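# Examining the three-dimensional arrangement
The chain contents come next:
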Amino acid sequence: MSPQAGRAPRRVALVTGASSGIGADLARVLARHGHDLALVARSRDRLDALADEIANAGRPRPIVLAADLARPDACARLREALAARDAVADILVNNAGFGLVGAAASLDAAEQIEMTDLNMRALTQLTLAFLPDLIAARGRILNVASVAAFLPGPGMAVYYATKAYVVSLSEALSAELMGSSVTVTVLCPGVTSTGFQARAGFDRALLKAMPGMNAMDVAEAGYKGLMAGRRRIVPGLLNKIMVAMLPFVPNAWLLPVVAHLQARRRGP
Ligand SMILES: NC(=O)c1ccc[n+]([C@@H]2O[C@H](COP(=O)([O-])OP(=O)(O)OC[C@H]3O[C@@H](n4cnc5c(N)ncnc54)[C@H](OP(=O)(O)O)[C@@H]3O)[C@@H](O)[C@H]2O)c1
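Residues numbered from 1 in each chain as written. Predicted model: local features only at pLDDT ≥ 70, side-chain atom pairs only at ≥ 80, totals over all residues. Heavy atoms only, no water.

## Remarks on the pattern of salt bridges
Applying the stated criterion to the full structure yields 14 salt bridges. With a shortest N-O distance of 3.3 Å, R11 and D90 are connected by a salt bridge. Of this pair, R11 sits in strand β1 (residues 10-16) while D90 sits in strand β4 (residues 87-94); the two residues are 79 residues apart in sequence, bridging distant segments of the chain. Linking R232 and E171 is a salt bridge whose minimum nitrogen-to-oxygen distance equals 2.7 Å. In this pair, R232 sits in strand β7 (residues 232-233) while E171 sits in helix α5 (residues 157-176), placing the two residues 61 residues apart along the sequence. Residue R232 is classed as partly exposed on the basis of its relative accessible area of 31%. Taking relative accessible area as the criterion, E171 reaches 16% and is therefore assigned buried. (Salt bridge = Lys/Arg side-chain N within 4 Å of Asp/Glu carboxyl O. Helix = DSSP H or I, 4+ residues; strand = E, 2+ residues; numbered from the N terminus. Buried < 20%, exposed > 50% of the residue type's maximum accessible area, 1.4 Å probe, protein only.)

## Topic: the pairing of β4
Of all eight residues that make up β4, seven are buried, and the element is covered over most of its length. When β1 meets β4, the two strands line up parallel, connected through six bridges. Along β4, the bridge assignment pairs R10 with A87. Sheet analysis places β4 next to strand β5 (residues 140-144), joined by four bridges and oriented parallel. Looking at the pairing, L92 lines up with I141 of β5. (Pairing = 2+ DSSP bridges.)

## Notes on the site of the ligand
Every one of the 30 residues lining the ligand counts as a neighbour, but S19, R42, S43, Y159 and T194 are closest to it. In the model, a nitrogen atom of the ligand is placed 2.8 Å from a nitrogen or oxygen of the D68 side chain. Within the backbone of F196, one N or O atom sits 3.5 Å away from an oxygen atom of the ligand. In the complex, 93% of the free accessible area of the ligand, which totals 870 Å², lies under the protein chains. Secondary structure elements with two or more residues in the shell around the ligand: α1 (21-32), α5 and α6 (196-200). Taken together, the residues that form the shell around the ligand break down as 14 nonpolar, 13 polar and three charged. (Near = heavy atom within 4 Å. Polar contact = N/O pair within 3.5 Å; in protein donor to acceptor, adjacent residues only side chain to side chain. Areas by Shrake-Rupley, 256 points an atom, 1.4 Å probe, with all protein chains shown as cover. Nonpolar A, V, L, I, M, F, W, Y, C, P; charged D, E, K, R; others polar.)

## Re the side chain of T192
With respect to the secondary-structure elements, T192 resides in the loop between β6 (183-187) and α6. Ignoring anything within four residues of it in the chain, the contact list for T192 reads I22, Q197, G212, M213, N214, A215 and V218. (Contact = heavy atoms within 4.5 Å.)

## Remarks on α5
Taking 1.5 Å of rise per residue, 20 residues should cover 28 Å, and α5 covers 29 Å from first to last C-alpha, within 8% of that figure. Here α5 has its buried residues at Y159, Y160, T162, K163, V166, V167, L169, S170, E171, L173 and S174. Contacts made by the buried residues of α5 are with α4 (109-136), β5, β6, α6, β7 and α10 (251-266). (Expected span 1.5 Å × (residues − 1).)

## Quick notes on the packing of aromatic side chains
Considering all chains together, one arrives at two aromatic pairs under this definition. With 6.4 Å between their ring centres and 75 degrees between their planes, Y159 and Y160 make a pair best called edge-to-face. Since its relative accessible area comes to 7%, Y159 is described here as buried. By relative accessible area, which is 9% here, Y160 ends up buried. An aromatic cluster of three or more residues is present, and its members are Y159, Y160 and F196. (Phe/Tyr/Trp six-rings, centres within 6.5 Å; stacked < 30°, edge-to-face > 60°.)

## Description of the packing of helix α3 (residues 74-84) against α4
Following both chains from N to C, one finds α3 and α4 inclined at 35 degrees, their axes separated by 9 Å at the closest point. Once α3 is placed against α4, the crossing between them reads as right-handed. Facing C75, L78, R79 and L82 of α3, the residues of α4 in contact are Q125, L126, A129, F130 and D133. Class assignment of the residues belonging to the contact of α3 with α4 gives a composition of six nonpolar, one polar and two charged. (Axes fitted to C-alpha atoms, helices over the stretch in contact; angles between N-to-C directions. Left-handed = near helix turned anticlockwise from the far one by under 90°.)

This is the structure we're talking about:
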């Protein structure tokens, strides 16, 4: 008999991309509301620092799982690592993701494929792999997309397309799982002040002047929507207005505007 036989498994909220930005703040909000956590990203040192911060606030120390989710075997390894710690996920937060600014033809092709691996394949793999546990636990899924999901994005074409996929998948799953007591919520932030812009290659001079929402405000809106079982969350009034208006604007008008905006973001 295993030493852990008979003991209830540790129920955790698994948060990907928890080493910085929106994911780190989602982890803080979840911890503050009493959820036990498993934190995933590549940067073990940053995950350890966040786990210490949460433990120092009197919460159980989160499980830290350093993993590169762009690797095809990462999902299976994560499941094994959780099982080895006698933990099961009752909340899955698919937040890890990145963007790249520039014309698709001028950006590195391999890096753009890595983006699709992380933003779409890893999110789908984790969702499908954890669904049986989540159904058994009457759990919840939070997928982080973007307002970029609601329009084509010349100058960040692959990134916008990956986020359209995340919204489509999440909303379809929320309907499929309606009778199962698992809820699926998609969080669609607009510009948020995190490491995202530097990673995407935005012009450094522009970065300082870019207005963005605070990552904690985005995380709190996401948590509230997740726990309410809402299908889609667009945090921030301006983002809400933009997303509501987009269906009425023809793509023939939108495409040059977005292309111009992204060209400015890339800088000289
Ligand atoms: N900031 C915005 O303006 C904005 C707007 C809309 C949507 N979003 C979305 O919000 C989500 C979080 O981004 P953020 O703004 O918080 O950016 P961020 O600060 O750059 O955080 C990205 C997170 O993803 C992790 N990550 C990146 N590559 C990974 C990989 N291969 N394997 C595992 N983890 C990886 C990073 O950790 P490591 O580097 O340690 O692996 C980090 O924890 C993303 O899905 C992004 O598309 C952001």
